[in-house]
Amino acid sequence: METPFILVLLPSTTGAEACLTAAVAIARGLGTRIQIAHVEVGPGAIILPSQEQLSEYETEHLADREAAETQAIRDLVAKWSADTGEAAPLDVFKGDEWRVMRHYRGKVSMVVLASPHTQPVGHRETLRAALLRAGHPAVMIPPDWAAGTGRHLMVGWEDVPPLRRAITAFAPFLRAAEAVDVVAVNQDDATLDLARSVIGPIAPGAAYRRIASAGRRTAAVLLEEARTVGADGLVMGAFRRGEILNWLAPGTSTRLIHDSFLPLLMSP
């Protein structure tokens with residue numbers, strides 16, 4: 001059986017180099033390889049809720065845009081390989097990310113990709129596709145991030161299955177980090193003791209603390225704390241309430257994904 005690899009999902013050139021750089025570092029740390037994928041989406045993936053169908057002009061325009069983006073991805077990957085000496089196969093598909101992620105199910109150890117809201121229309125479900133369609137852990141890299149990740153990690157602690165799975169998936173990162181901060185927002189001492197029992201065997205030197213939100217949203221508290229301590233990655237569970245509830249009423253996961261200035265290391 002083939003060894004699972006790191007998949008770099010590149011919807012566009014926006015944030016692509018930051019994702020490739022992060023993926024190489026992750027792959028080296030895990031002793032595996034990377035593979036790159038791009039999906040040239042069709043009009044069906046781009047229709048807006050207010051539209052029943054696209055006009056002929058819109059269809060042609062979007063097809064041209066997607067073809068140009070695909071070529072730009074090919075050129076960027078070729079230049080990146082020439083400049084860095086790194087070699088990774090590039091798979092190009094036509095369709096949409098939801099269907100393509102099924103192709104990689106069971107073959108991938110984790111997915112590296114850029115913040116979805118920075119991507120073109122038609123490519124903004126990439127993260128949900130990786131997390132929910134295929135069930136893979138994912139590392140989301142903000143497009144302007146250039147500081148690396150894994151030296152100082154923060155864990156947004158809550159005793160829920162997605163966070164437990166994230167801790168398992170990213171245990172090698174937590175084990176290798178120079179510093180780990182575990183932050184519990186609006187929780188009691190017993191919850192923090194449970195966090196120590198789960199994370200302590202992986203990161204014995206981790207620091208634990210409770211923070212009161214004082215009326216602020218949990219996502220804002222976590223991001224403020226991450227900035228204060230100088231974290232370069234936030235380990236978190238994603239979409240614990242399920243896809244439908246998070247779509248109807250965005251929760252902490254959705255806000256973190258949209259607002260984060262640092263890499264998110266997450267699992268569904």
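Residues numbered from 1 in each chain as written. Predicted model: local features only at pLDDT ≥ 70, side-chain atom pairs only at ≥ 80, totals over all residues. Heavy atoms only, no water.

Description of the packing of helix α8 (residues 218–229) against helix α10 (residues 252–259)
Then step 1. Two numbers describe how α8 lies on α10: the axes approach to 8 Å, and their chain directions differ by 45 degrees. It follows that α8 is oblique to α10 by the angle criterion. For α8 against α10, the interelement crossing comes out right-handed. Residues T218, A219, L222 and L223 of α8 form the contact with α10, whose participating residues are T252, R255, L256 and D259.
Then step 2. Grouping the constituent residues of the contact of α8 with α10 by class yields 4 nonpolar, 2 polar and 2 charged. (Axes fitted to C-alpha atoms, helices over the stretch in contact; angles between N-to-C directions. Helix = DSSP H or I, 4+ residues; strand = E, 2+ residues; numbered from the N terminus. Parallel < 35°, antiparallel > 145°, perpendicular 65-115°, else oblique. Left-handed = near helix turned anticlockwise from the far one by under 90°. Contact = heavy atoms within 4.5 Å. Nonpolar A, V, L, I, M, F, W, Y, C, P; charged D, E, K, R; others polar.)

Brief notes about unusual backbone geometry
Then step 1. For N186, which is not a glycine, the phi torsion comes out positive at approximately 55 degrees.
Then step 2. Secondary-structure assignment places N186 in the loop between β7 (179–185) and α7 (189–199).

What about the sheet that holds strand β2 (residues 34–41)?
Backbone-to-backbone hydrogen bonds join strands into a sheet, with any given pair of strands oriented parallel or antiparallel.
Then step 1. Pairing is mixed in the open sheet, where 10 strands are placed in the order β3-β2-β1-β4-β5-β10-β9-β6-β7-β8. One side of each edge strand has no neighbouring strand; the edge strands of this open sheet are β3 (90–95) and β8 (207–211). Here the strands of the sheet are splayed against their neighbours by 25 degrees on average, with no regard to which way each runs.
Then step 2. Relative to strand β9 (residues 233–237), helix α5 (residues 161–169) is tilted by about 135 degrees, and along the sheet it contacts β4 (108–114), β6 (152–156), β9 and β10 (264–267). (Pairing = 2+ DSSP bridges.)

Regarding the nonpolar core
Then step 1. Counting residues in hydrophobic clusters, the biggest one holds 89 residues, and the most contacted among them are L10, I34, W157, V182, I199 and M266.
Then step 2. For this core, the leading source of residues is helix α1 (residues 16–30), giving 9 residues.
Then step 3. Once residues lying within four places of it in the same chain are set aside, the contact partners of M266 are L127, L131, P137, A138, M140, A166, F170, M236, A238 and I257. (Core = buried A, V, L, I, M, F, W, Y, C linked by side-chain atoms within 4.5 Å. Buried < 20%, exposed > 50% of the residue type's maximum accessible area, 1.4 Å probe, protein only.)

Details of the environment of Q187
Then step 1. With respect to the secondary-structure elements, Q187 resides in the loop between β7 and α7.
Then step 2. Setting aside residues no more than four positions away along its own chain, Q187 makes contact with W157, E158 and R210.
Then step 3. Side-chain polar atoms of Q187 contact the backbone oxygen of W157, separated by 2.8 Å. (Polar contact = N/O pair within 3.5 Å; in protein donor to acceptor, adjacent residues only side chain to side chain.)

A few points about the pattern of salt bridges
Then step 1. Using the criterion set out here, one finds 12 salt bridges in the structure.
Then step 2. Across the pair D96 and R99 runs a salt bridge whose closest N-O atoms are separated by 2.3 Å.
Then step 3. Within the structure, one salt-bridge network assembled from shared partners comprises D181, R209 and E225. (Salt bridge = Lys/Arg side-chain N within 4 Å of Asp/Glu carboxyl O.)

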